[in-house]
Amino acid sequence: MQNDLISHMSTVDNSISNVYSSVYSAMEEQTSLLSVGSWKFGKVDFDAMTVILNCAISPKEYATNTEAAIIIDGAEHAMTLGNGGKFIANIEIPLFSETHVSTVIFREDESIRTEALDWHVSPQYDYFPEIYADLDGSATGSSQDGLYVYHRKGVVNVDAYCKDEGEIKSATLVEMLDGKKLSTTDIPLDNKEFFENYQSESGARPENVAAAQSTTQVEGHITQGPFYYALDKDYEIPYGSMLTLYVEVEDGNGFLYRCVIDHMEVSDSGEPIDDDYLWAGMDASIYDTNGQVLYEGSQ
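Residues numbered from 1 in each chain as written. Predicted model: local features only at pLDDT ≥ 70, side-chain atom pairs only at ≥ 80, totals over all residues. Heavy atoms only, no water.

Enquirer: Help me understand the side chain of Asp-288, please; the structure alone is not making it clear to me.
Expert: Relative to the assigned elements, Asp-288 resides in the loop between strand E19 (285–287) and strand E20 (293–295). Of the buried charged residues, Asp-288 lacks a salt bridge, with Arg-258 as the closest side chain of opposite charge at 8.8 Å. At 2.8 Å, the side chain of Asp-288 forms a polar contact with the backbone nitrogen of Asn-290. There is a polar contact of 2.8 Å between the side chain of Asp-288 and the backbone nitrogen of Gln-292. (Helix = DSSP H or I, 4+ residues; strand = E, 2+ residues; numbered from the N terminus. Buried < 20%, exposed > 50% of the residue type's maximum accessible area, 1.4 Å probe, protein only. Lys, Arg positive; Asp, Glu negative; His and termini not counted. Salt bridge = Lys/Arg side-chain N within 4 Å of Asp/Glu carboxyl O. Polar contact = N/O pair within 3.5 Å; in protein donor to acceptor, adjacent residues only side chain to side chain.)

This is how it looks when you write it as structure tokens:
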């Protein structure tokens, strides 16, 4: 009986606590000018790197002379009245920018009514895979005879996630010295080779081994990582030079995603320059099939 009483008291307390939010929501809905407000993405143009944003607004009340407009990134766009009392606007927006749909405006002769929308849309994440890569493990280095010998040991972790019809075609480790390619190494997408040679070393292993032993496939297409590659290598960096390691992922449309995972710059006197803050934790930069930058990754 005591447990039942405590349970009932808790239910009553929760109901009382929710009264304010319930009343506020009801009042907000009642004072709103809209019965429906929604958006969705339409046709995408990968050549122009744009997509159509389809906006639909249904006011609770309107007249035959009601005109509507929508404010997108500070610019006003006229809406047209379609079937069912919906005002519609189809606006071309960039794929690689967040677009803010702030307000809808209704005009009737001299009367103007507005309603805040505050929609934030980022089409990039609907049409391009989300890619992130890093390098765990340890690093040591020493200077000798005009070279800085940099030893890097650890696991390259590549996280990838595709929506809808997306596909991951390949992942590659690329090693660069002063902007020139030293070598490339394919990172298998099935993780089989990695786990066959896997050794549980501190700082050189995936955090969740059980979840990492299989990748997600849809009808034979790989749509999701993670993917792993064990790195254990010496790099000879001349004084005044810079070594860069990055992962390059190719998707099913031929777009390339590059994530810098390590960076070592050596001064003219043979001292390493610590500039991790300039690159560590960056988003993937995206390139088209011709190698042109579409999106520059940022911290």
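Enquirer: Hey, could you run me through the pairing of strand E7 (residues 111–121) in this one?
Expert: Remember that side chains alternate between the two faces of the sheet whenever the strand is regular. Looking at chain direction, strand E6 (residues 99–108) and E7 are connected through nine bridges and run antiparallel. Within the sheet, the bridge partner assigned to Thr-103 lies in E7 and is Ala-116. Where E6 hands over to E7, the hairpin turn is made up of two residues, of which Asp-109 adopts a positive phi near 55°. (Pairing = 2+ DSSP bridges.)

Enquirer: What is the right way to look at the pattern of salt bridges in this model?
Expert: Any two side chains of opposite charge can pair if their charged atoms end up close together. Under the definition given, this model contains six salt bridges. Between Glu-108 and Arg-113 there is a salt bridge whose closest N-O contact spans 3.1 Å. Overall, the relative accessible area of 22% leaves Arg-113 in the partly exposed class. Asp-126 is paired through a salt bridge with Lys-163; the nearest N and O atoms lie 3.7 Å apart. A residue pair is termed long-range when its members are at least 10 positions apart, and Asp-126 in helix H2 (residues 124–127) and Lys-163 in the loop between strand E10 (147–161) and strand E11 (168–177) qualify at 37 residues. On the accessibility criterion, Asp-126 (32% relative accessible area) is partly exposed.

Enquirer: Looking at this model, I keep getting lost on the packing of aromatic side chains. Mind explaining?
Expert: We describe a pair of aromatic rings using the distance from one ring centre to the other and the angle between the two ring planes. Taken as a whole, this structure holds 11 aromatic pairs when the rule is applied. For the pair Phe-195 and Tyr-228, a centre-to-centre distance of 6.2 Å together with 85° between the ring planes defines the contact as edge-to-face. Of the two residues, Phe-195 is situated in helix H3 (residues 192–196) and Tyr-228 in strand E15 (residues 227–238); the sequence distance between them amounts to 33 residues. For Phe-195, a relative accessible area of 17% corresponds to the buried category. Over the ring of Tyr-287 we find Arg-258; its NZ or CZ atom is 4.1 Å from the centre of that ring. (Phe/Tyr/Trp six-rings, centres within 6.5 Å; stacked < 30°, edge-to-face > 60°. Lys NZ or Arg CZ within 6 Å of the ring centre and 35° of its normal.)

Enquirer: Any chance you could explain unusual backbone geometry here in plain terms?
Expert: Leave glycine aside and you will find that most residues have negative phi; peptide bonds, for their part, are mostly trans. Each neighbour pair has its own omega, and for Gly-225 with Pro-226 the value is 10°, a cis peptide bond. The topology assignment puts Pro-226 in the loop between strand E14 (221–224) and E15. Its identity is not glycine, yet Met-49 carries a phi of approximately 55°, on the positive side. Looking at the element boundaries, Met-49 is found in the loop between strand E1 (34–45) and strand E2 (50–59). Residue Asp-73 is not a glycine yet carries a positive backbone phi of 50°. Mapped onto the fold, Asp-73 is located in the loop between strand E3 (67–72) and strand E4 (75–81).

Enquirer: I would appreciate a short explanation of the environment of Phe-194 in the present structure.
Expert: Of note, Phe-194 is situated in helix H3. In this structure the C-alpha to C-alpha distance between Phe-194 and Phe-227, which are 33 residues apart in sequence, comes to 9.0 Å.

Enquirer: Looking at this model, I keep getting lost on the sheet that holds E7. Mind explaining?
Expert: Read across the sheet, seven strands follow the order E1-E2-E5-E4-E3-E6-E7 without closing on themselves; strand pairing throughout is antiparallel. The open sheet has two edge strands, E1 and E7, and neither has a second partner. Here the strands of the sheet are splayed against their neighbours by 25° on average, with no regard to which way each runs. (Axes fitted to C-alpha atoms, helices over the stretch in contact; angles between N-to-C directions.)

Enquirer: How should I be thinking about the nonpolar core in this particular structure?
Expert: The nonpolar side chains of a soluble globular protein tend to be buried with one another. One finds Ile-70, Met-79 and Ile-168 to be the most contacted residues of the largest nonpolar core, which totals 58 residues. Excluding its chain neighbours within four sequence positions, the residues that come into contact with Met-79 are Cys-55, Ile-57, Ala-68, Ala-69, Ile-70, Phe-87, Ile-88, Ala-89 and Val-104. (Core = buried A, V, L, I, M, F, W, Y, C linked by side-chain atoms within 4.5 Å. Contact = heavy atoms within 4.5 Å.)

Enquirer: How should the side chain of Thr-50 be read in this particular structure?
Expert: Within the secondary structure, Thr-50 sits in strand E2. Here Glu-92 takes part through its side chain, which lies 3.2 Å from a polar atom of the side chain of Thr-50. In this view, Thr-50 contacts Lys-43, Val-44, Asp-45, Glu-92, Ile-93, Pro-94 and Leu-95; residues no more than four positions away in its chain are not counted.

Enquirer: Explain the environment of His-120 here, please?
Expert: Relative to the elements of secondary structure, His-120 occurs in strand E7. Exposure remark for His-120: the relative accessible area of 44% places this residue in the partly exposed category. With 22 residues separating them along the chain, His-120 and Glu-98 place their C-alpha atoms 6.6 Å apart. Contacts of His-120, omitting those with residues within four sequence positions, involve Glu-98, Thr-99 and His-100. Separated by 3.4 Å, the side chains of His-120 and Glu-98 make a polar contact. Among the polar contacts made by the side chain of His-120, one reaches the side chain of Asp-118 at a distance of 3.1 Å.

Function cannot be inferred from these measures alone, as they are strictly geometric.
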